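Notes for the structure review
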Amino acid sequence: QVQLVESGGGLVQPGGSLRLSCAASVSIVRFYSMGWYRQAPGKQRELVAGIGSGGTTNYADFVKGRFTISRDTAKNTVYLQMNSLKPEDTAVYYCNARWFNGDYWGQGTQVTASS
């Protein structure tokens, strides 16, 4: 059974930074890919950033240059460094892992950028 546990969300002023962590219960090198998604109230869940099994990364246009996804395979953890946060970044952020038998999701962590 795969478990993903997110942490690091919180309240930050616009322009501030947060780092999210996603700890997996299995070796993350097994996954085809991992990623961060977000869902704001009344909106659909959307991809923020992804990292493939080989380490290739991809980003949504609205976070390019501000967010960075990375991983530590020794700790089975994926990170999302978020800089220059904007009020429109406010959402619940979810960790995702894609494996041979489907998608796995964490419970989500709230990120709020507000003054």
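One can find the structure itself at the top, above this paragraph.
Throughout what follows, the structure given in this document is the object of discussion.

Thoughts on the overall build of the chain
Looking only at helices and strands, the chain features zero helices and eleven strands. At 13 Å, the chain has a C-alpha radius of gyration in line with the 13 Å of a compact globule built from 115 residues. Along the longest, intermediate and shortest principal axes, the C-alpha atoms of the chain span 40 × 25 × 25 Å. In the chain, buried positions account for 43% of the 115 residues. A separation threshold of at least 6 residues defines the contact pool for the chain, and within that pool the share at least 24 residues apart is 51%. Approximately 6,000 Å² of the chain is accessible, and the part contributed by carbon and sulfur atoms is 46%. Distance between charge centroids for the chain: 4 Å, based on 11 positive and 7 negative side chains.

Brief notes about the side chain of N96
With respect to the secondary-structure elements, N96 resides in strand β9 (residues 91-99). Here the side chain of N96 touches Y104 through a polar contact of 3.4 Å, landing on its backbone oxygen. Setting aside anything within four residues of it in sequence, one finds N96 in contact with L4, S33, M34, G35, Y37, D103, Y104 and W105.

Re the sheet that holds strand β3 (residues 18-24)
Read across the sheet, four strands follow the order β1-β3-β8-β7 without closing on themselves; strand pairing throughout is antiparallel. Looking along the sheet, the strands with just one partner apiece sit at the ends: β1 (4-7) and β7 (67-72). Averaged over all pairs of adjacent strands, the angle between their axes in this sheet comes to 15°, without regard to strand direction. Bridging between β1 and β3 involves four bridges; their strand directions are antiparallel. Paired with V5 across the two strands is A23, which belongs to β3.

So, empty space enclosed by the protein
For the coordinates displayed, the defined rule picks out one cavity of 30 Å³ or more. As a volume, the largest cavity reaches approximately 50 Å³. As for the largest cavity, its lining consists of I28, F31, Y32, S33, M34, I51, G52, S53, R71 and V78. Taken together, the residues of the lining of the largest cavity sort by class into six nonpolar, three polar and one charged.

Let's talk about the packing of aromatic side chains
Per the stated rule, a full pass over the model turns up three aromatic pairs. Geometrically, the ring pair formed by Y37 and W105 is edge-to-face, given 5.0 Å between the ring centres and 70° between the ring planes. Placement of Y37 in strand β4 (residues 33-39) and of W105 in strand β10 (residues 102-105) is noted, with a sequence separation of 68 residues between them. Relative accessible area serves as the criterion here: at 37%, W105 is assigned to the partly exposed category. Measuring from ring centre to ring centre gives 5.1 Å for W99 and F100, while their planes differ by 80°; the resulting arrangement is edge-to-face. Note on W99: relative accessible area 17%, which makes it buried. The class of F100 is exposed, set by a relative accessible area of 58%. Members of the aromatic cluster, each reached through a chain of ring pairs, are F31, W99 and F100.

Rules and cut-offs
- Residues numbered from 1 in each chain as written.
- Predicted model: local features only at pLDDT ≥ 70, side-chain atom pairs only at ≥ 80, totals over all residues.
- Heavy atoms only, no water.
- Helix = DSSP H or I, 4+ residues; strand = E, 2+ residues; numbered from the N terminus.
- Rg over C-alpha atoms; globule rule 2.2 N^0.38 Å.
- Buried < 20%, exposed > 50% of the residue type's maximum accessible area, 1.4 Å probe, protein only.
- Contact = heavy atoms within 4.5 Å.
- Areas by Shrake-Rupley, 256 points an atom, 1.4 Å probe, with all protein chains shown as cover.
- Lys, Arg positive; Asp, Glu negative; His and termini not counted.
- Charge placed at Lys NZ, Arg CZ, Asp CG, Glu CD.
- Polar contact = N/O pair within 3.5 Å; in protein donor to acceptor, adjacent residues only side chain to side chain.
- Pairing = 2+ DSSP bridges.
- Axes fitted to C-alpha atoms, helices over the stretch in contact; angles between N-to-C directions.
- 1 Å grid on protein atoms, 1.4 Å probe; cavity = no way out; pocket = protein on both sides within 12 Å on 5 of 7 lines; lining within 4 Å.
- Points joined across faces, edges and corners; volume = space filled by probe spheres on them.
- Nonpolar A, V, L, I, M, F, W, Y, C, P; charged D, E, K, R; others polar.
- Phe/Tyr/Trp six-rings, centres within 6.5 Å; stacked < 30°, edge-to-face > 60°.

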